[in-house]
Amino acid sequence: MASRARVVIESESDIVAARQKGRELAASCGFSSTDQTLIALAISELARNIVSYATRGEVLLSIVDDAVTGIQVVAHDEGPGIADVELALQDGYSTVKSLGLGLPGARRVMDDFQIDSAPGKGTTVTVRKWKR
Amino acid sequence: MPVPVLKQGDILIASVVTALTDKDLLHLKDELADKIGRMRARGVVVDVTALDVVDSYAARMLRGIAHTAKLRGAETVVVGIQPEVAFGMVELGLSLDDVETALDLEEALAHLRAVGARRGRRGQ
């Protein structure tokens, strides 16, 4: 299996496709089934943010081979961007009608989390999980 | 893909058999609210054994299903949340605090029958 994949996110059915692809990739490099679920969950939340806020974007999945093996998920869009990133990372904050747990939740279930966003410049969220 | 909904006595059983899109979940919520009235159901079981992920949207929809059913006079039990799925929900910060859950279909049916019997006694 290829060690990277790109899923274009344009509709809510792409959310399912992205998380399934992520789970496959995580399984192929030996993540436990619990970790596969956590990775799929993070992808689901990040991909849904793309659909909800930016309408379209992409999810890039790759296996990272450092001292340990990990999986990297990059959720990228060229949508409106986030005015207050700190606020967006708080539990329960949402500007659409949702629970506001997507971004902070994705941060909790993964090991590394990085967000790059500015109004008018789109949003890129990069998360990684390492094999234990 | 739509979720099949079966009727057993006055209980509706919705068995999720594949990954659900947001639209599928929304459709299920509407369909159950409608069927409770048309089929005069007193209980709803949503079997999510086949779901490999319950994210924030799915959790919100499951709560929506249970709350809507309650307002329509039916009790909802969500069954079959897998161990990893439950763990993921906890990590993400999701809860189904105000929704009845059970391990499997059998337990859910036993619970709903018990609720039905209590209601019956009150009604006498």
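Per chain, residue numbering runs from 1 following the sequence as it is written. Key to labels: chains lettered from A, ligands numbered from 1, both in the order written. The model is predicted, so local features are restricted to residues of pLDDT at least 70 and side-chain atom pairs to those at 80 or more, both for listing and for counting; the totals for chains, interfaces and linings are taken over all residues.

Draft legend 1. A look at the sheet that holds strand S1 (residues 4-9) of chain A. Residue and element names in this part refer to chain A. Pairs of strands are assigned from DSSP output, requiring at least two bridges between the strands. Here a helix means four or more residues in a row that DSSP labels H or I, a strand means two or more in a row labelled E, and each is numbered from the N terminus. What the 5 strands build is an open sheet, ordered S1-S2-S3-S5-S4; its pairing is antiparallel. Every interior strand has two partners, whereas the edge strands, S1 and strand S4 (112-118), have only one. Adjacent strand axes in the sheet meet at a mean angle of 10°, parallel and antiparallel pairs treated alike. One ladder, built from 6 bridges, connects S1 with strand S2 (residues 57-65); its direction is antiparallel. Across the sheet, residue Val8 finds its bridge partner in S2, namely Glu58. Throughout, a pair of residues is in contact if the C-beta atoms placed from their backbones lie within 7 Å. Only the stretch in contact is used when a helix axis is fitted, and all axes are lines through C-alpha atoms; the angle between N-to-C directions ranges over 0 to 180 degrees. Along the sheet, helix H2 (residues 33-54) makes contact with S1, S2, strand S3 (69-77) and strand S5 (122-130), crossing S3 at roughly 10°.

Draft legend 2. Summary view of the nonpolar core. Any set of buried Ala, Val, Leu, Ile, Met, Phe, Trp, Tyr and Cys residues joined through C-beta atoms within 7 Å is what this text calls a nonpolar core. Residues with at least 20 neighbouring C-beta atoms inside 10 Å of their own are called buried, those with 12 or fewer are called exposed, and the rest are partly exposed, where every C-beta is derived from the backbone. In terms of nonpolar packing, the biggest core is built from 69 residues, with Ala42, Ala47 and Val59 of chain A touching the most fellow members. Here this core takes 11 residues from H2 of chain A, the largest share from any one element.

Draft legend 3. Spotlight on the environment of Gln72 of chain A. Residue and element names in this part refer to chain A. Among the secondary structure elements, Gln72 is positioned in strand S3. Here Gln72 falls in the partly exposed class, since 17 other C-beta atoms lie within 10 Å of it. Distance in space between the C-alpha atoms of Gln72 and Asp14 is 18 Å, their sequence separation being 58 residues. Leaving out residues up to four positions away in the same chain, Gln72 has contacts with Ser62, Val64, Thr126 and Arg128.

Draft legend 4. Quick look at the interface of chain A and chain B. Across the contact, 22 residues belong to chain A and 18 residues belong to chain B. Elements with a contribution of two residues or more to the side of chain A that touches chain B: helix H1 (12-28), H2 and helix H4 (102-109) of chain A. Here the side of chain A that touches chain B takes 9 residues from H2 of chain A, the largest share from any one element. Amino acid classes used here: Ala, Val, Leu, Ile, Met, Phe, Trp, Tyr, Cys and Pro are nonpolar; Asp, Glu, Lys and Arg are charged; the rest, including Gly, are polar. For the side of chain A that touches chain B, a count of residues per class yields 7 nonpolar, 9 polar and 6 charged.

Draft legend 5. Summary view of the confidence of the model for chain B. Looking at chain B, pLDDT values average 93 and 98% of them are 70 or higher. This prediction of the complex comes with two scores: 0.93 for pTM and 0.92 for ipTM. As a per-residue measure, pLDDT reflects the predictor's confidence and takes values from 0 up to 100.

Draft legend 6. Focus on H2 of chain A. Between the first and last residue of a helix there are one fewer steps than residues, each counted as 1.5 Å, and that sum is the expected span. With 22 residues, H2 of chain A ought to run about 32 Å at 1.5 Å a step, and its terminal C-alpha atoms sit 31 Å apart, in line with that. Of all 22 residues in H2 of chain A, 18 are buried, a share of seventy percent or more.

Draft legend 7. Quick look at the environment of Val96 of chain A. Within the element layout of this structure, Val96 of chain A appears in the loop between helix H3 (85-88) and H4. Spatially, the C-alpha atom of Val96 of chain A lies 7.4 Å from that of Ser52 of chain A, the residues being 44 residues apart in sequence.

Draft legend 8. Inspection of the sheet that holds strand S5 (residues 100-102) of chain B at higher detail. Residue and element names in this part refer to chain B. Ordered by their spatial adjacency, 5 strands build an open sheet running S1-S2-S3-S4-S5, and the pairing between neighbours is mixed. Of all the strands in the sheet, just strand S1 (5-8) and S5 have a single pairing partner and so form its edges. Taken over all neighbouring pairs, the strand axes of this sheet differ in orientation by 25° on average, direction set aside. In this structure, strand S3 (residues 43-47) lies alongside strand S4 (residues 75-79), joined through 5 bridges in parallel fashion. Looking at the pairing, Gly43 lines up with Glu75 of S4. This element, helix H1 (residues 22-38), spans S1, strand S2 (11-15) and S3 of the sheet and lies at about 165° to S2.

Draft legend 9. Main features of the pairing of S2 of chain A. Residue and element names in this part refer to chain A. With 9 bridges connecting them, S2 and S3 associate as antiparallel partners. Paired with Leu61 across the bridge in S3 is Val73. Taken together, S2 and the strand that follows it, S3, pair antiparallel across an intervening segment of 3 residues.

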